[in-house]
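Secondary and tertiary structure notes
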Amino acid sequence: DADALAAAAEHLPGVPTYWDVDPPYSSAVVDDAVARGFTGLALDRRGLDDAIVSAIAAAGLSLGVWTVLDPAEMSAWLARGARYVETNRPDAAPTP
């Protein structure tokens, strides 16, 4: 719930708040996340394209992606600047 998360962001400054949103994605989602004071967006990687990833970065938001099962894809998202990757295969996660 975006309103509950926005209230948490307001009352708990310094605590990261990631808004989990289902696709489709547009710049309006990015603008809304900024307006609500969220740290970042947690998005389904299947709904992302370069324009949205760039808009998120340009807005100063962090990006988390879900659900990634392939180790190479995990690495690719991290290389693209994702702050975190959600997976059901933690054993396959790349190591730093």
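It should be emphasised that the depicted structure is a prediction, and the values quoted were computed from it without experimental measurement. (Residues numbered from 1 in each chain as written. Predicted model: local features only at pLDDT ≥ 70, side-chain atom pairs only at ≥ 80, totals over all residues. Heavy atoms only, no water.)

1. Some remarks on the environment of alanine 55
In this fold, alanine 55 is placed in helix 3 (residues 50–58). In this structure the C-alpha to C-alpha distance between alanine 55 and aspartate 32, which are 23 residues apart in sequence, comes to 12 Å. (Helix = DSSP H or I, 4+ residues; strand = E, 2+ residues; numbered from the N terminus.)

2. Observations regarding helix 4 (residues 71–79)
Each α-helix turn comprises 3.6 residues. Residues three or four places apart therefore point the same way. Sitting at the head of helix 4, aspartate 70 places a side-chain oxygen 3.2 Å from the backbone nitrogen of alanine 72. Glycine 81, located one to two residues past helix 4, shows a positive phi value of around 105°. (Polar contact = N/O pair within 3.5 Å; in protein donor to acceptor, adjacent residues only side chain to side chain.)

3. Notes on the pairing of strand 2 (residues 40–44)
For strand 2, a buried count of five out of five residues is recorded, marking the element as mostly surrounded by other parts of the structure. Residue alternation in strand 2 divides its side chains into two sets, Gly40, Ala42 and Asp44 and Leu41 and Leu43, and both sets are buried. Note on the crossover from strand 1 (residues 18–21) through helix 2 (residues 27–35) to strand 2: the handedness is right-handed. Bridging between strand 2 and strand 3 (residues 62–66) involves five bridges; their strand directions are parallel. Bridge pairing in strand 3 places leucine 41 opposite leucine 63. A crossover links strand 2 with its parallel partner strand 3, the connecting element being helix 3, and its sense is right-handed. (Buried < 20%, exposed > 50% of the residue type's maximum accessible area, 1.4 Å probe, protein only. Right-handed = clockwise from strand over helix to strand, strands pointing away. Pairing = 2+ DSSP bridges.)

4. Points about the environment of threonine 17
Structurally, the position occupied by threonine 17 is in the loop between helix 1 (2–11) and strand 1. Given a relative accessible area of 6%, threonine 17 falls into the buried group. Threonine 17 sits 20 residues away from glycine 37 along the chain, and the two C-alpha atoms are 8.3 Å apart. Residues within four places of threonine 17 in sequence aside, it is in contact with Leu5, Ala9, Gly37, Phe38, Thr39 and Gly40. (Contact = heavy atoms within 4.5 Å.)

5. Structural notes on the pairing of strand 1
Only one face of strand 1 is covered, namely the face carrying Trp19 and Val21; the face carrying Tyr18 and Asp20 is uncovered. The pairing of strand 1 with strand 2 spans four bridges and is classified as parallel. Bridge pairing in strand 2 places tryptophan 19 opposite leucine 41.

6. Description of the side chain of aspartate 44
Mapped onto the elements of the fold, aspartate 44 is located in strand 2. Overall, aspartate 44 belongs to the buried group, its relative accessible area being 4%. With residues up to four places along the chain from it excluded, the contact list for aspartate 44 reads Val21, Pro23, Tyr25 and Trp66.

7. Brief notes about the nonpolar core
By size, the foremost hydrophobic cluster in this structure holds 26 residues, and its most contacted members are Leu41, Leu48 and Trp77. Elements represented by at least two residues in this core include exactly helix 1, strand 1, helix 2, strand 2, helix 3, strand 3 and helix 4. Leave out the neighbours within four places in its chain, and leucine 48 touches Tyr25, Leu43, Val53, Leu63, Val65 and Trp77. (Core = buried A, V, L, I, M, F, W, Y, C linked by side-chain atoms within 4.5 Å.)

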